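Structural features, examined
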Amino acid sequence: MIDAFHARPILEFGVKERFKVESLLAYADKLLLGLSNGTLRVYQVKTSESGDIELELLKTVDKFSRRSIELLACIKEAQILVSLSDGHVQLHDLETCTLQQTLVKTRGATTFAVTTNIERDETTGIPSIVSRLAVGVKRKLLLFSWQDEEFIDGKEITLVGNVRHLTWASSRRLVAGLASSFVMVDIIEGTVSDITAPITQTTVAPAEEAKGWGALGMSYMGMGGWGSKPISTKLKGEELLLVKDTTAIFIDETGKPATDKPTAAWPVAPDAIAYSYPYVISLHAGKQHMEIRNPATQTLIQTIPIPGVTILHVPPPGVSLSHAGRLFYVASPTHVYKMGTVDYETQINQLVEAGQLDEAISLLEQLESVLLDSKEERIREIKMLKAEALFKKRKFRDSMGLFAEVSAPPERAIRLFPESIAGELAAVDEEHTSQNGDSEPAEDSDKTSNLSKEEEADNPENIDGAPEEGEGTGEANEELRKSEDGKDQEPAPEGKEIDAVPTIMEDEPLGDIHKQVIAPNPAKKSVDTMSIFSGRSKITLTSEATRDVAIDNKPLEGNEFKRAVNELTIFLADTRLRLSKYLEANNPEKQALAGPPTPDTLGADKKDPFDIDYVINNSSTESVESQYEKALATARLVDTTLFRAYILTKPAMVGPLVRRPNHCDPNVIGKELEKQGKFNDLVDFYGGKGLHKDALKLLKQFGQAEEEDERAPLLHGPERTIAYLQTLDASQIDLILEYAKWVLEASPDLGMEVFLADTEKAESLPRERVLEFLQNASKVLAIRYLEHVIHDLEDASPAFHNRLAWLYISHIQDKRDAPEDQEEWKEKLLDFLKESKQYRPERVLTDLSPDDPDFYEPRAVVLSHMGQHKRALEIYVFKIKDHDKAESYCAMIHEQTPPAPEAEELAETPSQVYHILLELYLTPPSSHKRQIGPALALLSRHGARLDASKALAMIPEDTRIKELESYFERRTRHANSKVSEAMVTAQLLRSNLVKVQHNWSEKKKKFSVVSEETVCPVCHKRLGKSVISVLPGGTTVHYDCGRGKRNTSKVSQWNR
């Protein structure tokens, strides 16, 4: 229990007085007492700065009524004081208390109720203040109203029973408590409807009689058959509470039972009830005390003993402030008490200290934010404490679900686990750790969680979940009676009596966590100023609850440990998702392009757009960089803990976790994976974290091993290393070259895939460095790489082309002892020199020895690229002595270049290449003989491509005409074909000219006559002197109409 209210006596009448207090009314700073002798006393309530309350008697109206004043109420808006006395309702002036009117129709009245609301006129829509008075007279309900201070005598409604109690549900609906039931009356329509409760049937257990409101031991459809007076009160919002005998139901303003609150029961029927924000107060005259209950949880919060108490009066709240009536009055026949409230911060602190976390949460949720500092943060913190308590009761799913609901910092959940999961967050001694993960001596824990015997003797008050005889308990013990899978445990017999607080707090020291949520308590008042007869009482704890306390001390092991870890992984996975969205949105490298993060990019819950700040404990004063670093640290903790959990409970999930982007701690993961022998996963993890050197060291260790390691068979050999190297980009070129060396030594063909793979990363490697590395390893590998770069990647860099030519030449020289291989490489060299246009011929020519027969033809090809055809033909004619290759060379050059003009005399031009070859045959250098045969063969085959005069001038005079017969025939035939071709072309041109002239004459015959009356068939306007167009069908239209600018469909129609 807590101290929500305290009773302060403010007025006392002597025992010898011949009257007693019968009714009470408080408004503003006035207090009106209706006495049994018909006297009305008016007091002014004064409160000093020190908090002391004084009453000043303003007036005494001796003959206010002839009989006892049974009931008082006021309508401040109309300045009316309403009283019930001697079976009549009378209206008095609120200030002077003089009688204004006795409502004659109310003779025999038993009760009345007033209300004031702002209503809009149905016709004009103008708002006005309307006060209403409802009076119960036997079976009749009489209605009166004041609108703009004008009294209106209203309608009369007949009910099915005598009216015992009235409560306004809204401005137009009224709850009437009859002798046997409750009804809802619509005063506008004049309709009456019964209020029925849902069907319930429960068996009352002895342990449940004191729980909350109590338990129902009946089955009923209505609320009839009761013998005691029905009572009701308006709660916050549109909710009402109806009570008859010991049973109560919650309804809305339309009379429908509330779906979120079950039917409840009091252990003892109350004599009066009222609502003082945020509690329900019930008066029990027989037991001479009042009970304070939480309407949301239906839990008894406080019992306040007051001798002879008979009257309960809560001033109605204002129109907009539901918490305005939290101070109220109670009275006995001889005493009047003003009930003061303990500030809400203190109440919440008391609940947390007592372990009544559900009650603390419920109270916070009902209170308005203006009444508390950081309401949402307090609710969140207490829910986290509740989650920790649920965890200790082995309710792992509920615990982790609550942690996730409030976006708890992951360390709060992680520190509940042993070191195998929590790592450094766990205490050194796992069996003696506090809730916040710090080791604490047992006696310190006792100081935090237990009350001393002296305190118990002075404060015998219950806590949530500990039943006192005749009173209820909260929801906490109900949760204690259920196992993790939701099945009820067998009830254990009662009999062990222990202190109140240890019921919940045993083995749950608050430590720093509770210090965060509990604000400093204000200085307590002296005993005289506190609630009278206040104190704490002993409670009886069931053996089942004692067993739960023992469970709290038991370490996690076996199936319980697995269930706890499984629930933790779900919580961490959810937190990990939100963190990843936050880190992605706030990455410094991307933030400039992405713009400021939004709640959607943060993955925030709609109810709490800043829950990511809760997860990483962000402060509004921290810089963005600092928050980002904290988020990274939190992500590291989450991923590392998730890894530990998977290792112990779900080894199959380790691979997917470490292979995907993560923030795991490399030191922890590396040691653990190596210990578990998961080297494949370790390589993937190193790769994901960018620790490529560590990964490659591990791959080299297993790859170079002589025998396959059974722990990592896939890592044996160079294949895995090659695949890993192919994933690295150009920034890791040093590592690639360092670890590609052993791979090339083990398998050159496979190793070259690191550089030859058809991937973007392989193509982006710095080619100069790769080439140098491969050339130092092997010329053949360097040649393969250059062939890939030049032919496949189409790299036109002259340096690479020159290098490839040099490598070919050098390798041919190295292969002189292997003629077959040498021929293959010579063919590659020739093909490259012929196809490539990017190498520097001058540089390559210097590498080709002019005296080496292996390089005669390559030199000819290079000279050809340089345009030195004569030198190239000299190699074919005099060194290689292959006339066919010489003629093929001339044909190739001739085809590549159009014939030169007839007047061109340059000997080195491509068009003169045949003349150069003929000249080499007939007028060779002095060191070579004339070659008549090849010259005549050249003239015979290619004479048409030679200038006749120049060719014949070079032929020796002693050459016989017979030998030139073939040349002349071919030359003549070629000349004749030229003439015939020209004649045919001329005849075709003449024929085409005749055809064109004929078509022209036919076109000229067509004409179109345009007169002043001629109309364009498209736009239907006269053509006049406008520019016209004649369509192919002969129709004349405007030029624009003919182009189809105005109506294409019509033009097409006229064309047809």
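Preceding this paragraph is the structure being described.
Below you will find a few notes about this structure. Keep in mind it's a predicted model, so treat the numbers as computed, not measured.

Two strands pair when backbone bridges link them, and strand β10 (residues 109-120) and strand β11 (residues 127-137) are joined in this way by 11 bridges, in the antiparallel orientation. Within the sheet, the bridge partner assigned to T115 lies in β11 and is R132. In this structure, the hairpin formed by β10 and β11 is closed by a connection of 6 residues, where G125 is found at a positive phi of approximately 75°.

Another aspect to go through is the nonpolar core. By size, the foremost hydrophobic cluster in this structure holds 135 residues, and its most contacted members are F417, F755 and L774. If one sorts the elements of this core by residue count, helix α16 (residues 624-649) sits on top with 11 residues. Filtering out sequence-adjacent residues up to four positions away, F755 remains in contact with I736, L737, A740, L744, A762, L765, V770, F773, L774, Y785 and H788. In terms of nonpolar packing, the next biggest core, distinct from the first, is built from 48 residues, V243, A272, I304 and F328 among them.

Judged by pairing direction, the sheet is antiparallel, and its 4 strands sit side by side in the order β14-β15-β16-β17 without closing on themselves. Of all strands in the sheet, those with a lone pairing partner are β14 (163-168) and β17 (191-194), marking the two edges. Strand-to-strand twist across the sheet, computed as the mean angle between neighbouring axes with direction ignored, equals 25°.

Take the pattern of salt bridges next. Throughout the structure, instances matching the rule amount to 36 salt bridges. Between E405 and K383 there is a salt bridge, with the nearest N and O atoms lying 3.0 Å from each other. On the criterion of sequence distance, the pair formed by E405 in helix α4 (residues 396-405) and K383 in helix α3 (residues 375-392) is long-range, its members being 22 residues apart. We classify E405 as exposed; its relative accessible area is 51%. For K885, the salt bridge is made with E857, and the minimal N-O distance between the two is 3.2 Å. Of this pair, K885 sits in helix α33 (residues 883-896) while E857 sits in helix α31 (residues 856-865), placing them 28 residues apart in sequence. Residue class for K885 comes out partly exposed when judged on its relative accessible area of 33%. Relative accessible area serves as the criterion here: at 16%, E857 is assigned to the buried category. One salt-bridge network, held together by shared partners, links R659, D681, D684 and R720.

A few words on helix α1 (residues 344-353). By the criterion of burial, α1 is predominantly enclosed, with 9 of the 10 residues buried. Of the positions making up α1, those classed as buried are Y344, E345, T346, Q347, I348, N349, Q350, L351 and V352. Within two residues after α1, G355 carries a phi angle of roughly 80°, on the positive side.

The subject of this paragraph is the packing of α16 against helix α18 (residues 666-676). Their axes nearest at 11 Å, the elements α16 and α18 cross at an angle of 10°. In terms of their interaxial angle, α16 and α18 are classed as roughly parallel. Read as a crossing pair, α16 and α18 show a hand that is left-handed. Along its contact with α16, which presents T640, F643, R644 and I647, the element α18 presents V668, I669, E672, L673 and Q676. For the contact of α16 with α18, the class distribution of residues is 5 nonpolar, 2 polar and 2 charged.

The next subject is α33. Here α33 contains 14 residues, and its C-alpha end-to-end distance of 20 Å stays within 8% of the 20 Å for a straight helix at 1.5 Å per residue. Among all positions in α33, only A886, E887, Y889, C890, A891, I893 and H894 are buried. The opening residue of α33, the one whose side-chain oxygen lies 3.2 Å from the backbone nitrogen of D884, is D882.

In total, this model carries 16 aromatic pairs according to the counting rule given. Each ring, one from F5 and one from Y279, has its centre 5.9 Å from the other, and the planes form 75°; the classification is edge-to-face. Of this pair, F5 sits in strand β1 (residues 5-12) while Y279 is found in strand β23 (residues 279-284), placing the two residues 274 residues apart along the sequence. You'll find F5 and Y279 in the same group, each marked buried.

On to the sheet that holds β1, then. Whenever strands of a sheet pair, they do so through backbone hydrogen bonds, lying parallel or antiparallel. Read across the open sheet, the 4 strands follow the order β1-β28-β27-β26; overall the sheet is antiparallel. Here the strands that pair on one side only, and so sit at the sheet edges, are β1 and β26 (311-313). The mean inter-strand angle of the sheet, taken between neighbouring strand axes irrespective of direction, is 25°. In this structure, strand β27 (residues 328-331) lies alongside strand β28 (residues 335-341), joined through 4 bridges in antiparallel fashion. The residue bridging V330 from the neighbouring strand is Y337, located in β28.

Conventions and cut-offs
- Here the residue numbering is sequential within each chain, running from 1 through the sequence in written order.
- Predicted model: local features are reported for residues with pLDDT of at least 70 only, side-chain atom pairs are reported and counted for 80 or more only, and whole-chain, interface and lining totals are derived from all residues.
- Each side-chain value is derived from all of the structure's non-hydrogen atoms; neither hydrogens nor water enter the calculation.
- Strands pair, by our definition, only if DSSP identifies at least two bridges between them.
- Only DSSP runs of H or I reaching four residues or more are called helices, and only runs of E reaching two or more are called strands; each is numbered from the N terminus.
- We call a set of buried Ala, Val, Leu, Ile, Met, Phe, Trp, Tyr and Cys residues a nonpolar core when their side-chain atoms join them within 4.5 Å.
- Here the term buried applies to any residue with accessible area under 20% of the maximum for its type, exposed to any over 50%, and partly exposed to those in between, with areas from a 1.4 Å probe on protein chains only.
- Residue contacts follow a heavy-atom distance rule, with two residues in contact if any of their heavy atoms lie within 4.5 Å.
- Note on geometry: axes are lines fitted to C-alpha atoms, helical ones only across the stretch in contact, with angles between N-to-C directions running from 0 to 180 degrees.
- Between Lys or Arg on one side and Asp or Glu on the other, a salt bridge is scored when a side-chain nitrogen of the former is within 4 Å of a carboxyl oxygen of the latter.
- Any angle from 65 to 115 degrees is called roughly perpendicular, while one under 35 is roughly parallel, one over 145 is roughly antiparallel, and all others are oblique.
- Left-handed is the label given to a crossing in which the near helix is rotated counterclockwise from the far helix by less than a right angle, and right-handed is the label when the rotation is clockwise.
- Note on residue categories: nonpolar means Ala, Val, Leu, Ile, Met, Phe, Trp, Tyr, Cys or Pro, charged means Asp, Glu, Lys or Arg, and polar means any other residue, Gly included.
- Here, expected helix span is obtained from the residue count minus one, scaled by 1.5 Å.
- Between N or O atoms, a polar contact is any pair within 3.5 Å; within protein, one atom must be a potential hydrogen donor and the other a potential acceptor, and residues adjacent in sequence are included only when both atoms are from side chains.
- Two rings from Phe, Tyr or Trp (for Trp, the six-membered ring) form a pair when their centres sit within 6.5 Å of each other. Planes less than 30 degrees apart are called stacked, planes more than 60 degrees apart edge-to-face, and all others tilted.

Structural measurements only, silent on function.
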